[in-house]
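# Secondary and tertiary structure notes
Read off the chains here:
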Amino acid sequence: MHRLTLGNFELIAVSDGLYRLDGGVLFGVIPKVMWSKRMPADENNYIPVGLNSILVRTGDHTVLIETGIGNKLPEKLAKIYGQPAKLLDNLSAAGIAPEDIDIVINTHLHFDHCGWNTVLRAGQPAATFPKAKYYVQEGEWQYAQHPSERDGISYMTANYDPLVASGQMQLLRGDQEIVPGVSVKVFPGHTQYMQAVLVHSGGKTACYISDLIPTSAHLDLNWITGFDLFPLQTLESRKRFYAEAIPQKWLTIFTHDPNMPWSYVEKDEKGKLLANASAKAA
Ligand SMILES: [Zn+2]
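Residues numbered from 1 in each chain as written. Predicted model: local features only at pLDDT ≥ 70, side-chain atom pairs only at ≥ 80, totals over all residues. Heavy atoms only, no water.

Next up on the list: the coordination of the zinc ion. Distances from the zinc ion to its protein donors, H108 (NE2), H110 (ND1), H190 (NE2) and D211 (OD), fall within 2.1 to 2.4 Å. Each of the 4 donor atoms around the zinc ion contributes to a set of angles spanning 81 to 172°, which defines the coordination as irregular. Positions of the donor residues of the zinc ion along the chain correspond to the pattern H-x1-H-x79-H-x20-D. Note on H108: relative accessible area 0%, which makes it buried. (Donors = N, O, S within 2.8 Å, 3.2 Å for Na, K, Ca; no water. Tetrahedral: all angles 85-135°; square planar, octahedral: opposite > 155°, others 65-115°. Buried < 20%, exposed > 50% of the residue type's maximum accessible area, 1.4 Å probe, protein only.)

So, in structure tokens, the structure goes:
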């Protein structure tokens, strides 16, 4: 388990396990001869990818960023992607019970980011984290009501609609502080309203950048996944992110990296972007 101290906060990377994605979709227009050197695929072109959630203990709040795939995937999707369903076990191993979490933040509502928001109780979806307030952008939730034929498969209403109906999920309009030291910032591209989560304490910053940069193999500006609805906006959002994250030495958290949940992003003399897991924050 990866843990670190960020100022006065503790960050714990808790995984929902590994699932798999088609390498071509994961790297979009980048040729396989290039991406397969960074992330080798199996004989069916699948790449194992991570489902990294982050637990933030601020002292006053216990915040869970992202909730993985969960355990409610329809059989057909479970066959395609896998359904490891390890998040609650890994939280428990870290000494965290579902009742301990008082804030849950979803960066967007694709099924591999909000699956453990709910579990089935007597056949009905109910909050996995009964005492938590959940947060997502209103625009993302509105879009999830009517996704396109291209991405409809990514949305499962049982992960969020019951929470919105009960008032347990709050819909945000733009950048906002959630609790002291934890805020969200919208970075369009993957979806129109995907939000990153910024964690600030003691002059240090970590950023859960979600699917804007899903793994440490996606740092280059043009290595954009085929899932992204607005790839040119992804490009601009990445420039906006690096303009702050590199000089200010933000710890960058990768939602789907199978090996490295977080690292610092650096630029070498040639301008090449590199992930440096061992660097120290400023
Ligand atoms: Zn996504």
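What follows deals with the pairing of strand 3 (residues 46-57). Regular strands show a simple pattern: their side chains alternate between the two faces of the sheet. Judged by how many residues are buried, strand 3 sits mostly within the fold: 10 of 12 residues are covered. In the sheet, strand 2 (residues 9-22) pairs with strand 3 via 11 bridges, with the strands oriented antiparallel. Residue S15 lies in a different strand from strand 3, and its bridge partner there is N52. In terms of strand pairing, strand 3 meets strand 4 (residues 62-65) through 4 bridges, oriented antiparallel. Bridge assignment links L55 to a residue of strand 4, and that residue is L64. The turn joining strand 3 and strand 4, which pair antiparallel and follow one another in sequence, is formed by 4 residues; a positive phi near 105° is taken by G59. (Helix = DSSP H or I, 4+ residues; strand = E, 2+ residues; numbered from the N terminus. Pairing = 2+ DSSP bridges.)

Within the element layout of this structure, T252 appears in strand 14 (residues 251-253). Those residues within four positions of T252 in sequence are excluded, and the remaining contacts are C207, I209, F241, P261, W262, S263 and V265. (Contact = heavy atoms within 4.5 Å.)

Let's shift gears to helix 8 (residues 231-245). The end-to-end C-alpha distance of helix 8, which contains 15 residues, comes to 20 Å, matching closely the 21 Å that a straight helix rising 1.5 Å per residue would cover. The complete set of buried residues in helix 8 reads T234, S237, R238, F241, Y242 and A245. Buried residues of helix 8 fall within an arc of 135° about the axis and therefore sit on the same side. Every exposed residue of helix 8 that faces more than 90 degrees away from the buried side is listed here: L232 and A243. Next to the buried residues of helix 8 lie strand 13 (204-208), strand 14, strand 15 (262-267) and strand 16 (273-276). (Expected span 1.5 Å × (residues − 1). Arc of directions from axis to C-beta.)

Within the open sheet, the 7 strands sit side by side as 10-11-12-13-14-15-16. Their pairing is mixed. Of all the strands in the sheet, the pair left with one neighbour each is strand 10 (176-179) and strand 16. Direction aside, neighbouring strands of the sheet carry axes that sit 35° apart on average. Bridge count for strand 15 against strand 16 is 4 bridges, and the pairing is antiparallel. Paired with Y264 across the bridge in strand 16 is N276. Its contacts with the sheet place helix 8 against strand 11 (182-186), strand 13, strand 14, strand 15 and strand 16, and it is angled at close to 145° to strand 11. (Axes fitted to C-alpha atoms, helices over the stretch in contact; angles between N-to-C directions.)

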